[in-house]
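Given next are the chains, with one letter for each unit.
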Amino acid sequence: NTPDKRNIISGNHIGVDSCGTVLGNYIGTDPSGLQEGFGNFSGVINSAFVMGNVITGNFYGISAGKGAVIQGNLIGPFADGSPAFGNQIGVRIAQSSNEIGGLGPDEGNVIAYNGTGVQVLPASDLIPVPTSNSILSNLILPIAPTASI
């Protein structure tokens, strides 16, 4: 994704809601992706495909509804992978049948420098199995199966 095709989504209550595909954006950062922007309360919610984004500086980085595919994102770090303020909760799983990462090239996410890396709510009848992800350096827990909001 090139800078001329990238959206900078920062300073909103909800950055992106109910969108089919969210691809290659900087969500919560400044235009360079290397500094904090104004953040959002929720970076991305209820989107079917969330791929190749830099998502940091939000309360919820991604709040996944049912059937979301979340691949190839930097969730917490800056665009160059360096430590950032992160999100309070990197990925929040509220419903079932979500895919976090994958087995193909560039399908894994980096979920780092957040308060909680992945939060799975009790309403999720299927706990997702994260694959080929790097989940590291999160403050509280890498994966919190029943953490409260």
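The rules behind each value
- Residues numbered from 1 in each chain as written.
- Predicted model: local features only at pLDDT ≥ 70, side-chain atom pairs only at ≥ 80, totals over all residues.
- Heavy atoms only, no water.
- Helix = DSSP H or I, 4+ residues; strand = E, 2+ residues; numbered from the N terminus.
- Buried < 20%, exposed > 50% of the residue type's maximum accessible area, 1.4 Å probe, protein only.
- Contact = heavy atoms within 4.5 Å.
- Areas by Shrake-Rupley, 256 points an atom, 1.4 Å probe, with all protein chains shown as cover.
- Pairing = 2+ DSSP bridges.
- pLDDT = per-residue confidence, 0-100.

**Student:** How do you make sense of the overall build of the protein when you look at a structure like this?
**Tutor:** For the protein, the count of helices and strands is 0 helices and 16 strands. For the protein, the proportion of its 149 residues judged to be buried stands at 48%. Taking the contacts inside the protein whose residues are at least 6 apart along the sequence as the reference set, 65% of them involve residues at least 24 apart. Accessible area for the protein stands at about 6,900 Å²; split by element, carbon and sulfur atoms hold 58% of it.

**Student:** Got a minute to help me understand the pairing of strand S11 (residues 89-93) in this structure?
**Tutor:** Burial of S11 is extensive: 5 of the 5 residues sit out of reach of the surface. By the bridge criterion, 4 bridges tie strand S8 (residues 60-64) to S11 in an arrangement that is parallel. Within the sheet, the bridge partner assigned to serine 63 lies in S11 and is arginine 92. As judged from the 4 bridges shared by S11 and strand S14 (residues 116-120), these two strands associate in the parallel manner. Bridging across to S14, valine 91 finds its partner in valine 118.

**Student:** Which parts of the structure should I look at to understand the sheet that holds strand S9 (residues 69-71)?
**Tutor:** Within a beta sheet, neighbouring strands are joined by backbone hydrogen bonds and run either parallel or antiparallel to one another. If you trace the 4 strands from one edge of the open sheet to the other, you get S3-S6-S9-S12, paired in parallel fashion. In this open sheet, the two strands that pair with only one neighbour each are strand S3 (21-23) and strand S12 (99-100). Judged from the 3 bridges that link them, strand S6 (residues 49-51) and S9 form a sheet pairing that is parallel. Looking across to S9, one finds that valine 50 is bridged to isoleucine 70.

**Student:** Honestly, the confidence of the model for the protein in this entry has me stumped. Any pointers?
**Tutor:** Taken as a whole, the protein shows an average pLDDT of 88; of its residues, 89% reach a score of 70 or greater. Highest mean pLDDT in the protein belongs to strand S10 (residues 74-75) (98); lowest belongs to strand S16 (residues 141-144) (66).

**Student:** What exactly am I supposed to notice about the side chain of asparagine 58 here?
**Tutor:** Structurally, asparagine 58 can be placed in the loop between strand S7 (54-55) and S8. Residue classification places asparagine 58 among the buried residues on the basis of a relative accessible area of 3%.

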